[in-house]
Amino acid sequence: MNDDILSSPSQSVAQLGPLALRRPRVWSLLAAVSLVAMAMTVPASAATDAGGTRTAQTSPISNSAQCPSLLDHRFSRLRDGQTESLCAYTGRVVLVVNTASKCGFTPQYEGLQALHQKYSARGLTVLAFPSGDFLDQEHSNRTDIAKTCFDQYGAQFMVYDRTAVVGRDANPLFVQLRDARGAPRWNFHKYLIGRDGKPGPAFGSTTEPLDAKLISAIEKLLSSPAPTKTAALNAH
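Described below are features of the structure shown in this document. (Residues numbered from 1 in each chain as written. Predicted model: local features only at pLDDT ≥ 70, side-chain atom pairs only at ≥ 80, totals over all residues. Heavy atoms only, no water.)

This part takes up the sheet that holds strand S7 (residues 199–203). The strands making up a sheet are joined through hydrogen bonds of the backbone, oriented either antiparallel or parallel. Judged by pairing direction, the sheet is mixed, and its five strands sit side by side in the order S5-S4-S3-S6-S7 without closing on themselves. At either margin of the open sheet sits one strand with a lone partner, and together these are strand S5 (158–159) and S7. Pairing geometry for strand S3 (residues 93–99) and strand S4 (residues 124–130), over seven bridges, is parallel. Paired with threonine 99 across the two strands is proline 130, which belongs to S4. (Pairing = 2+ DSSP bridges. Helix = DSSP H or I, 4+ residues; strand = E, 2+ residues; numbered from the N terminus.)

So, on to the nonpolar core. The biggest cluster of nonpolar side chains holds 28 residues, and the ones touching the most others in it are Leu95, Leu115, Leu124, Phe157, Leu192 and Ile218. Sorting the residues of this core by element identifies S3, helix H4 (108–119), S4, helix H5 (142–152) and helix H7 (212–222) as the ones contributing at least two each. Sequence-distant contacts of leucine 115, that is, excluding residues within four places in its chain, are made with Leu95, Ser120, Leu124, Pro209, Leu210, Leu214, Ile215 and Ile218. In this structure, Cys67, Leu86, Val94 and Val96 belong to the second largest nonpolar core, which totals 19 residues. (Core = buried A, V, L, I, M, F, W, Y, C linked by side-chain atoms within 4.5 Å. Buried < 20%, exposed > 50% of the residue type's maximum accessible area, 1.4 Å probe, protein only. Contact = heavy atoms within 4.5 Å.)

On to the side chain of threonine 163, then. Checked against the element boundaries, threonine 163 lands in the loop between S5 and helix H6 (172–181). Polar side-chain contacts of threonine 163 include one of 3.2 Å to the side chain of asparagine 171. With sequence-adjacent residues up to four places away left out, threonine 163 is seen in contact with Phe129, Pro130, Ser131, Gly132 and Asn171. (Polar contact = N/O pair within 3.5 Å; in protein donor to acceptor, adjacent residues only side chain to side chain.)

Put into structure tokens, the structure is as follows:
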């Protein structure tokens, strides 16, 4: 058999033409090559551990060319524990808030929900990151955190699992936000990210979600057009 017949794994039967029909062994070899190619293209997110359990991909998505670096992170959701990529919010205005359940500012959950209801359809995404970095004012039990934000305040926006937002253990997103706009000084610090994936204005804890200054900044960013592919690449 001519070694050139399967010189390329992507070579089709049509390209092989009559030769494939005359030599049945070609079909067996094509099937084997196809299986190998499929095994080599299993996505990282579907990887399994030694026990056969599916494991979530938790590292930054370095191959997502159109995802801005500021959103190129993955976090586990409080509601169901599933890991998701912030790249899903590319092209939207994002409001990032470090929250806490036992803080004097905890009622701001109501204002964050109001923002979600008013502006979500126009392109605003609210992302809450519960944290106990300030006087440990967040529950250590995720069930108790969920009771506060979902049951008590009716949050319908995205809330992630408890995480660190300041210091050496700060998660990568808050490290980038700190470098761009300064670190949170307390719970319910607010960062805006534009449609282009670049950091926008930041607001301290005392700025209520429905404060006129924050509303104005949100509406200004929402009025910006969604980024083109080139702009998304430049923000990476």
